[in-house]
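# Geometric and topological summary
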Amino acid sequence: MSATARLGAVVACFVLAVLAPRPAAGILDPVDFLALQAVRRSLEDMPGSAFFDGWDFTADPCGFPGVFCDGDRVAALALGDPRAGSPGLTGRLDPALGRLSMLTELSVVPGRVEGELPASLASCSNLRFLAVSKNLISGRVPDGFGALSNLRTLDVSFNQISGAIPPSIVALPSITNLILCHNQLTGGIPSFPDSSPLLRLDLKHNTLSGGVPSLPAGLQYLSLSANQLTGSVNSVLPRLTRLNFLDLSMNQLEGPIPPSVFALPLSVLLLQRNFFEGPVQPSNDVTIPVVDLSYNRFWGQVSPLLAGVGQLYLNNNRFTGEVPARLVQELVGSGGLQLLYLQHNFLTGIEISPSSSLPSSVSLCLMYNCMVPPVYAPCPIKAGSQNTRPADQCPEWRD
């Protein structure tokens, strides 16, 4: 073979070597490569999902659906088709996830992933975002997660997580969103340090008990509804001056509501179905769009300062006296007040002419009070069919 021919053969071999696919393990860190293989073996697509069709380990895993790399390391892992309505995945989360030491984000779309949260994830010291909502994950939140000093969001909502909330979780120095709602958590809510950057705390629909602890002053979203919480919130709420959503409904909380709560920049205030009591006396006009104080033990007169509320639920309490004229004017004039539920109280009158017709866009219910004559207005079915309280329940009638 001539020198020219030999040179051509060498060049051809070099070109083929450059263009030939490289083994995947040579592109991605070998530890991460093996961890992804273990993850793939532990999970399957549910019928109708094709997420793993793109996971071909003869190719570069950094090009797989849901795999995001930084250099030769896996930086983020989004398991399952994120499009709305995707059937999701089934199987378990493999402990090998903990070997992805550069992982910053891990999410699993809603599906039927079961088993426990891998305690090995505590080794992912860079993890900032962990979300596995709406699956069948059980067991406890691992105590070791308290080592995740960079974790900002923990969302394990709508699963079957049980046991207590680890105190180490609420002490995480970077946590801003703690979403553990719709699980089977028990025990008390641990106290948060004053320095916590927490913005959102959602623990609704668990079986948590005890009182509401001291919470970070910067909190903006608080939902503790549908638990078994007791005690007063009189000293807890006034310091939460940045709240824009507050839901403490369906607990066993008691005592008065501080007037300062009505001055918070809230879009929703839900306190229904507790044992709260005392007068409702805001200091200034209330402009919260939705206020629900129903099914409690509030008493005294209805404050005219509530006329600026959009939807006002005061039913099933112990309010007395007349309905303030300002509330009536807002309803009749199609002002900001669109719904006013006052049924099942001890109210004695309302400053509204029987000839006045309410706009079709508003709702007013006054059933089962002490009004003579009773004021008829469309009410929800659950308000019952009795228009007026029995005479022996209305002290004014006995005088």
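Note that this is a predicted model, so its numbers are computed, not measured.

## Topic: the overall build of the chain
- Along the backbone of the chain there are six helices and 27 strands.
- For the chain, whose C-alpha radius of gyration is 30 Å, the value lies well above the compact-globule estimate of 21 Å for 399 residues.
- The buried share of the chain, reckoned over its 399 residues, is 48%.
- In the chain, of all internal contacts separated by at least 6 residues, the share reaching a separation of at least 24 is 41%.
- A distance of 4 Å separates the average location of the 24 positive side-chain charges in the chain from that of its 29 negative side-chain charges.

## Looking at the pairing of strand β22 (residues 297-301)
- One ladder, built from two bridges, connects strand β20 (residues 275-278) with β22; its direction is parallel. Residue Glu277 lies in a different strand from β22, and its bridge partner there is Arg297.
- Where β22 and strand β24 (residues 318-323) come together, three bridges link them in parallel fashion. Looking at β24, one finds that Trp299 is bridged to Arg318.

## As for the environment of Met46
- Note on placement: Met46 falls in the loop between β1 (43-45) and β2 (67-70).
- With 251 residues separating them in the primary sequence, Met46 and Arg297 have C-alpha atoms 49 Å apart.

## Some points on the sheet that holds strand β4 (residues 89-92)
- Overall, mixed pairing links the four strands, which are arranged β1-β4-β6-β8 in an open sheet. Pairing within the sheet leaves two strands with one partner each, and these edge strands are β1 and β8 (136-138). Looking at each pair of strands side by side, their axes are set apart by 10° on average, direction ignored.
- By the bridge criterion, three bridges tie β4 to strand β6 (residues 112-116) in an arrangement that is parallel. In the sheet register, Arg92 faces β6, and the bridge partner there is Glu114.
- Sheet contacts for helix α3 (residues 30-42): β1 and β4; angle to β1, the most-contacted strand, approximately 60°.

## A word on α3
- Taking 1.5 Å per residue as the helical rise, α3 with its 13 residues ought to reach 18 Å, and the 19 Å between its terminal C-alpha atoms agrees with that figure.
- Of the residues flanking the start of α3, the one acting as N-cap is Asp29, its side-chain oxygen 3.0 Å from the backbone nitrogen of Val31.

## Digging into the nonpolar core
- Ranked by size, the top nonpolar core spans 103 residues in total, and within it Trp55, Leu77, Leu79, Leu178, Leu201 and Leu222 carry the most contacts.
- Per-element accounting of this core gives the leading share, five residues, to α3.
- Beyond its immediate stretch of four places on either side in the chain, Leu201 contacts Leu178, Phe192, Leu215, Leu219, Tyr221, Leu222, Ser223 and Leu224.
- Counting residues in hydrophobic clusters, the runner-up holds 11 residues, among them Tyr221, Val268, Leu270 and Tyr341.

## So, the packing of aromatic side chains
- Applying the stated criterion to the full structure yields 10 aromatic pairs.
- Look at Phe33 and Phe57: their rings are 5.6 Å apart centre to centre, the planes differ by 90°, and that puts the pair in the edge-to-face class. Taken together, the positions of Phe33 in helix α3 and Phe57 in the loop between β1 and β2 put the pair 24 residues apart, joining distant regions of the chain. Each member of the pair, Phe33 as well as Phe57, is classed as buried.

## Focus on helix α5 (residues 325-332)
- All buried positions along α5 are accounted for by Leu327, Val328 and Leu331. Down the axis, α5 shows its buried residues gathered within 100° of arc, on one side only.

## Things to note about empty space enclosed by the protein
- Across all of its chains, the model carries one cavity of 30 Å³ or more by this definition.
- As a volume, the largest cavity reaches approximately 40 Å³.
- In terms of lining, the largest cavity is formed by Leu366, Met367, Asn369, Met371, Pro374, Val375, Asn387 and Thr388.
- Here the residues of the lining of the largest cavity sort into five nonpolar, three polar and no charged.

## Thoughts on the side chain of Ser157
- Residue placement: Ser157 occurs in the loop between β9 (153-155) and β10 (162-163).
- Residue class for Ser157 comes out buried when judged on its relative accessible area of 4%.
- Looking at Ser157, its side chain comes within polar contact range of the side chain of Ser133, at 2.8 Å.
- Among residues more than four places away in sequence, those in contact with Ser157 are Ser133, Lys134, Ile179, Leu180, Cys181, His182 and Asn183.

## Re the pattern of salt bridges
- Here the structure, examined in full by the defined rule, presents seven salt bridges.
- Notably, a salt bridge pairs Glu44 with Arg40, separated by 3.7 Å at the nearest N-O pair.
- Among the charged side chains, a salt-bridge network with shared partners connects Arg200, Asp202 and Lys204.

So, how was this worked out
- Residues numbered from 1 in each chain as written.
- Predicted model: local features only at pLDDT ≥ 70, side-chain atom pairs only at ≥ 80, totals over all residues.
- Heavy atoms only, no water.
- Helix = DSSP H or I, 4+ residues; strand = E, 2+ residues; numbered from the N terminus.
- Rg over C-alpha atoms; globule rule 2.2 N^0.38 Å.
- Buried < 20%, exposed > 50% of the residue type's maximum accessible area, 1.4 Å probe, protein only.
- Contact = heavy atoms within 4.5 Å.
- Lys, Arg positive; Asp, Glu negative; His and termini not counted.
- Charge placed at Lys NZ, Arg CZ, Asp CG, Glu CD.
- Pairing = 2+ DSSP bridges.
- Axes fitted to C-alpha atoms, helices over the stretch in contact; angles between N-to-C directions.
- Expected span 1.5 Å × (residues − 1).
- Polar contact = N/O pair within 3.5 Å; in protein donor to acceptor, adjacent residues only side chain to side chain.
- Core = buried A, V, L, I, M, F, W, Y, C linked by side-chain atoms within 4.5 Å.
- Phe/Tyr/Trp six-rings, centres within 6.5 Å; stacked < 30°, edge-to-face > 60°.
- Arc of directions from axis to C-beta.
- 1 Å grid on protein atoms, 1.4 Å probe; cavity = no way out; pocket = protein on both sides within 12 Å on 5 of 7 lines; lining within 4 Å.
- Points joined across faces, edges and corners; volume = space filled by probe spheres on them.
- Nonpolar A, V, L, I, M, F, W, Y, C, P; charged D, E, K, R; others polar.
- Salt bridge = Lys/Arg side-chain N within 4 Å of Asp/Glu carboxyl O.

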